[in-house]
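# Remarks on the overall topology
So you can see what is in the structure, the chains are spelled out below.
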Amino acid sequence: MKPPWRLAGTLIPAMAFLACVSPGSWEPCAEVVPNITYDCMERNLYKIPSSIPSSVKHLDLSFNPLRFLASQSFSPFPELQVLDLSRCEIQRIEDDAYWGLDYLSTLILTGNPIQNLAPGAFSGLLSLQKLVTVEINLSSLENFPIGHLRTLKELNMAHNLINSFKLPEYFSNLTNLEYLDLSNNNIQNIYCKDLHVLHDTFNLSLDLSLNPINFIQPCAFNRMRLRELTLRSNFDNTDVMKTCIQGLAGLEVHKLVLGEFKNERYMKEFDKSALEGLCSINITEFRLAFLDDFPKDISGFFDCLVNVSAVSLVNLNLHSLEGLPKDLKWQSLELIKCKINQFPKLVLPSLKRYVFTANRGADSFVKVELENLEFLDLSSNGMSFKSCCDQDDWKTTSLKYLDLSFNDAITMGSNFLGLELLEYLDFQHSTLKQASQFSVFLSLSKLLYLDISYTHTEVAFHGIFSGLVSLQVLKMAGNSFKDNTLSSIFTDLTNLTFLDLSKCQLEHVSQGVFSSLSSLQFLNMSYNNFILLDALSFQPLHLLQVLDCSFNKIESFEGQELQHFPSSLTTLNLTRNAFDCSCKHQSFLQWIKDQRQLLVGAEQLQCMMPLDMKNMSVLSFRNSTCQITKIVIAVTVVSVVVVSVIACLVYKFYFHLMLLAGCKKYGRGESTYDAFVIYSSQDDDWVRNELVKNLEEGVPSFRLCLHYRDFIPGVAIAANIIQEGFHKSRKVIVVVSQHFIQSRWCIFEYEIAQTWQFLSSHAGIIFIVLQKLEKSLLRQQVELYRLLNRNTYLEWEDNVLGRHIFWRRLRKALMDGKSPEGTGDLENSHEEMTSLT
Amino acid sequence: MTGFVAALLLWTLVSPGSSDWGGGSAWPTHTACRKEGLEVLYQSCDPLQDFGFSVDQCAKHLKPNLNVRFGIILREDIRELYLDIALISKGDFVLNYSYPICEAELPKFSFCGRKKGEQMNYYGPINNPGFEVYEGKYQVLVELYNEKRATVACANATIICS
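For clarity, every value in this text was computed on a predicted model and none was experimentally measured. (Residues numbered from 1 in each chain as written. Chains lettered and ligands numbered in written order. Predicted model: local features only at pLDDT ≥ 70, side-chain atom pairs only at ≥ 80, totals over all residues. Heavy atoms only, no water.)

## Points about the confidence of the model for chain B
Residues and elements named next belong to chain B. Considering every residue of chain B, the mean pLDDT works out to 82; 85% of them sit at 70 or more. When the criterion is pLDDT under 50, residues 4-23 qualifies, and its contacts beyond four places in sequence or with other chains add up to 18 contacts. In the predicted assembly, ipTM is 0.82 and pTM is 0.73. (pLDDT = per-residue confidence, 0-100. Contact = heavy atoms within 4.5 Å.)

Right under this line is the structure:
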């Protein structure tokens, strides 16, 4: 018994374990791109997972306690291009750790407390271009074993403990180095010999920010050429800064960045003499950022920057630009967040690019003379413009870029006369006045980009965009339209590829609005109030790829027109609408299901109506629900029709059916005739033409006994009446008329009939009143009078309906008792007897 | 029984849901400051990590340019960094505020451009106006994210003023 128990004891917990572990947890990494990119960040891995395919190119192993990298750790992944080992607690990297990674271009080692770096740690790595060794407790550049990485372009050694800027000899091997970041280290002094090895490089960008630099030996940068040098938050005070900048003498640098960081400010008072040393540096672009206590009088400050081509002043308390040197050769000027009180009246003929943004002190625009200006950014100043815009405002005819966004009121007084070269125009979030009263943009035939979003513009004038024949991008979100209807305002915009109409409170689209936009690729109509959209209006948009109709109130698109949607469409956003999921929009709902690969967030599309489907997914709509309703309706209609047809047929062929069903074996039994007709010879016409014709030739055909035809000649009339008439007939038809009462024979016949009926208990008498009778005349025949008063009789009416009813009733009466056995006859005659008496 | 023990041991060793992943359980609630009737509590809503935050001065009459301390180990590069703050009072969004902290072209703070895996400590003023905090309980959602819209830090804070 023991082995089975042991087996069970093993199996049960093992199965419980297997049930708890989801299949994915065997695989420690997330597959981002199959076989290429794997993300193993923070998976508590102590070693490199072996389950990753050897074709991997991007591998993120960050935040795993790998602790050390042994030799050839990555040899299973020879295709690796990017390897992230951030914060892997790596203390030791052995020789040839990256052996075999011949294609690795980026190696990230940020945040590892490396203590032991073997001399051959980075051997191999034939293609390495970027090495990030930020915060790795590096205290010296001297023994860092990267001298063989000739392909290296970017070396980031920020946030370490390096205290000497002496670049070791191996830097002369790094001939491709473009970017060296030594910021946030502990470099205090820079000596002449430190940069000795860099003398042959021209393309290097060097960042030395956040080092507490005290001293730069004047020959250190002499005859050196750098692409960029950044010195931010390096100096304790103006004096240090002054001497250090003087120490940069002889440097040729494309871009020099000086200043501090907002949160790292050391210089209490900034003196303009600090920049005197710039005169002995050859600078192309100069930037100064974040300096408190900027001197109020700036005269003399820019004297060493006269020949610079680009100046950028960011977050300085400049207040004004009074006192700028006259013969400046600046081509580009940036004044960002400089608290300048008034819009400066600049006269700078050389200036091509002027950025004056986020200077909240200036409140209105003044005319300036910048004859060669091509690029003008005046955004985010909260300024107002009394009359915009023409050549006179800036004295330039070369302007291509104009940004007036995020300002106050801008009154459109002119239509860009002299500014015909404009390609980019941005007014967003400024208040445009009079923009919809005339063709403001008429002369801008070269404009490619126009943004008038959120400018409080109410589009009422159809020609608002006239003349913009080259326009490719039009953004006009957050405005409004007359009658909330999108009308034909895009006629000239035949080259438009991007159109944003979101948040415009639109409810309707007029016909043919998009007919000229055959190049349009992107159309945003979200956040409007559309209820029903006409797919037909999108038909002319042959190249449309993205259509966004989200956040509207759309119930449905017109079902028949859905095929008119452009076939080029790749993305359609219909989320957050009020879809009606009732059967009347069945074709639209089916279309949504068919196009789900096109739709953004198809699963999130929800029904708002009918109530029983509220908040349910549109995709859960089933055609079968509608089919069931249809089937029910169809079946009902068909059955009603069938029943009515049958009823009509039964009515029409009632007597045929009677014959077929119940009276098939009908025979007159011993009787020869169905009825003996008592009538006056005056009524002969009626009897021959109507009675005989209808009863003997119709269905069922009755055989009547008529005196002129059936009485045997040579026999007494009375005998004929009894022998042929009563004796051989089942029933008696009495045709009562004026003549009948007056005819003695008729009365005789009638009286015999009564007697006969009484004696033989035989057939009933059927009265047909042929015409209205005079009462006095009728009273002569007391019996008849009483009978007609008490009994039902048939009255002849000479119209279509009357005749129809008459013949049916008569036939029915004659059919009574038409049974083969004749017993029915007997019963019937009894009933008639009782009714007669 | 050896089999049972072996299986149990294996289960304990490999069992998922151990706290190392940090995904399952919520982070603890920390106190950023508590003084003079004002209490600020916060809890990290980033499943990847917790962080440290404190406010130096804490009073109902909030002073301008408060000094704060903030410390985190970055899970993302922050070449660009943006801040979103939403203030919720009684279930309604009272204030939504978005602010660029680091921009690629104009790094404003010294921590701009720091790398994934690098420590980031900030001690200094924030650019807030001074105002009076009214009595009540407020919820604040704070999120820091980078240019790839990846969350750098995220917190649910509660401000109780009594």
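## Notes on helix 14 (residues 800-815) of chain A
Compared with an ideal rise of 1.5 Å per residue, which puts 16 residues at 22 Å, helix 14 of chain A spans 22 Å between its outermost C-alpha atoms and is within 8% of the ideal. Gly802(A), Phe806(A), Trp807(A), Arg808(A), Leu810(A), Arg811(A), Leu814(A) and Met815(A) are the residues of helix 14 of chain A that are buried. (Helix = DSSP H or I, 4+ residues; strand = E, 2+ residues; numbered from the N terminus. Expected span 1.5 Å × (residues − 1). Buried < 20%, exposed > 50% of the residue type's maximum accessible area, 1.4 Å probe, protein only.)

## A short note on the sheet that holds strand 24 (residues 409-412) of chain A
Sheet strands line up and pair through hydrogen bonds in the backbone, either parallel or antiparallel. Residue and element names in this part refer to chain A. Taking strand neighbours across the sheet as the criterion, the 3 strands line up as 22-24-26 in an open arrangement whose pairing is parallel. Strand pairing shows two members of the sheet lacking a second neighbour, strand 22 (385-388) and strand 26 (431-433), which therefore form its edges. Within this sheet the neighbouring strands show an average axis-to-axis angle of 30 degrees, counted without direction. Where strand 24 and strand 26 come together, 3 bridges link them in parallel fashion. By the bridge assignment, threonine 411 is partnered in strand 26 with lysine 433. (Pairing = 2+ DSSP bridges. Axes fitted to C-alpha atoms, helices over the stretch in contact; angles between N-to-C directions.)

## Re the side chain of Gln586(A)
Residue and element names in this part refer to chain A. Residue position: glutamine 586 is located in helix 4 (residues 586-594). Relative accessible area serves as the criterion here: at 16%, glutamine 586 is assigned to the buried category. In contact with glutamine 586, other than residues within four places in its own chain, are Phe621, Asn623, Cys626 and Lys630.

## Notes on helix 7 (residues 684-697) of chain A
All names here are of chain A. For helix 7, the principal kink sits at leucine 691 and spans about 35 degrees. Listed in full, the buried residues belonging to helix 7 are Asp684, Trp686, Val687, Glu690, Leu691, Val692 and Leu695. Contact partners of the buried residues in helix 7: strand 41 (673-678), strand 42 (704-705), helix 8 (707-710), strand 43 (729-736), strand 44 (765-769) and helix 14. (Bend = angle between axes of the 7 residues up to and from the residue.)

## Some points on the sheet that holds strand 44 of chain A
Residues and elements named next belong to chain A. As summarised here, the arrangement of the 5 strands in space is 42-41-43-44-45, forming an open sheet in which the pairing is parallel. Two strands close off the open sheet at either side, each with one partner strand: strand 42 and strand 45 (794-795). Pairing geometry for strand 43 and strand 44, over 5 bridges, is parallel. Pairing of valine 734 across the sheet is with phenylalanine 767, part of strand 44.

## Overview of the pattern of salt bridges
Counting across every chain of the model gives 23 salt bridges over all chains. Notably, a salt bridge pairs Arg688(A) with Asp684(A), separated by 2.7 Å at the nearest N-O pair. Of this pair, Arg688(A) and Asp684(A) both sit in helix 7, 4 residues apart, roughly one helical turn. Relative accessible area serves as the criterion here: at 38%, Arg688(A) is assigned to the partly exposed category. One salt bridge in this structure joins Arg69(B) and Asp56(B), with 3.8 Å as the shortest N-O distance. Here Asp56(B) lies in the loop between strand 3 (52-55) and strand 4 (61-62) and Arg69(B) lies in strand 5 (residues 67-73), a separation of 13 residues in the sequence. Residue classification places Arg69(B) among the partly exposed residues on the basis of a relative accessible area of 42%. On the basis of relative accessible area, Asp56(B) is assigned to the partly exposed category, the value being 29%. (Salt bridge = Lys/Arg side-chain N within 4 Å of Asp/Glu carboxyl O.)

## What to know about the state of the cysteines
Within this structure, the stated rule accounts for 8 disulfides over all chains. One disulfide bridge connects Cys29(A) with Cys40(A), the sulfur atoms lying 2.0 Å from each other. Note on the Cys29(A) and Cys40(A) pair: the S-S dihedral is about 105 degrees, so by sign convention the disulfide is right-handed. Of this pair, Cys29(A) sits in the loop between helix 1 (2-20) and strand 1 (30-33) while Cys40(A) sits in the loop between strand 2 (37-39) and strand 3 (58-60); the two residues are 11 residues apart in sequence, bridging distant segments of the chain. Paired through a disulfide, Cys102(B) and Cys112(B) show a sulfur-sulfur distance of 2.0 Å. Handedness here is read from the sign of the S-S torsion; for Cys102(B) and Cys112(B), about -80 degrees, the answer is left-handed. With Cys102(B) in strand 7 (residues 92-102) and Cys112(B) in the loop between strand 7 and strand 8 (119-125), this pair connects stretches of sequence that are 10 residues apart. Taking relative accessible area as the criterion, Cys102(B) reaches 0% and is therefore assigned buried. Here the disulfide map of chain B reads 1-3, 2-6, 4-5, the bonded cysteines being numbered as they appear in the sequence. (Disulfide = S-S within 2.5 Å.)

## Focus: unusual backbone geometry
All names here are of chain A. For the peptide bond that leads from cysteine 388 to cysteine 389, omega is -5 degrees, which places it in the cis range. By secondary structure assignment, the location of cysteine 389 is in the loop between strand 22 and helix 3 (391-394). Cis geometry is adopted by the peptide bond preceding proline 610, which originates at methionine 609 and carries an omega value of -15 degrees. Here proline 610 is to be found in the loop between strand 40 (607-609) and helix 5 (623-652). Residues other than glycine seldom take positive phi values, yet asparagine 615 does so here, at roughly 65 degrees.

## Observations regarding the environment of Thr485(A)
Residues and elements named next belong to chain A. Position of threonine 485 among the secondary structure elements: in strand 31 (residues 485-486). Taking the C-alpha atoms as reference, threonine 485 lies 8.9 Å from glutamine 505; in sequence the two are 20 residues apart. If we skip the residues at most four places from it in the chain, threonine 485 touches Leu506, His508 and Ser510. Polar contacts involving the side chain of threonine 485 include one to the main-chain carbonyl oxygen of aspartate 483, which spans 2.9 Å. (Polar contact = N/O pair within 3.5 Å; in protein donor to acceptor, adjacent residues only side chain to side chain.)

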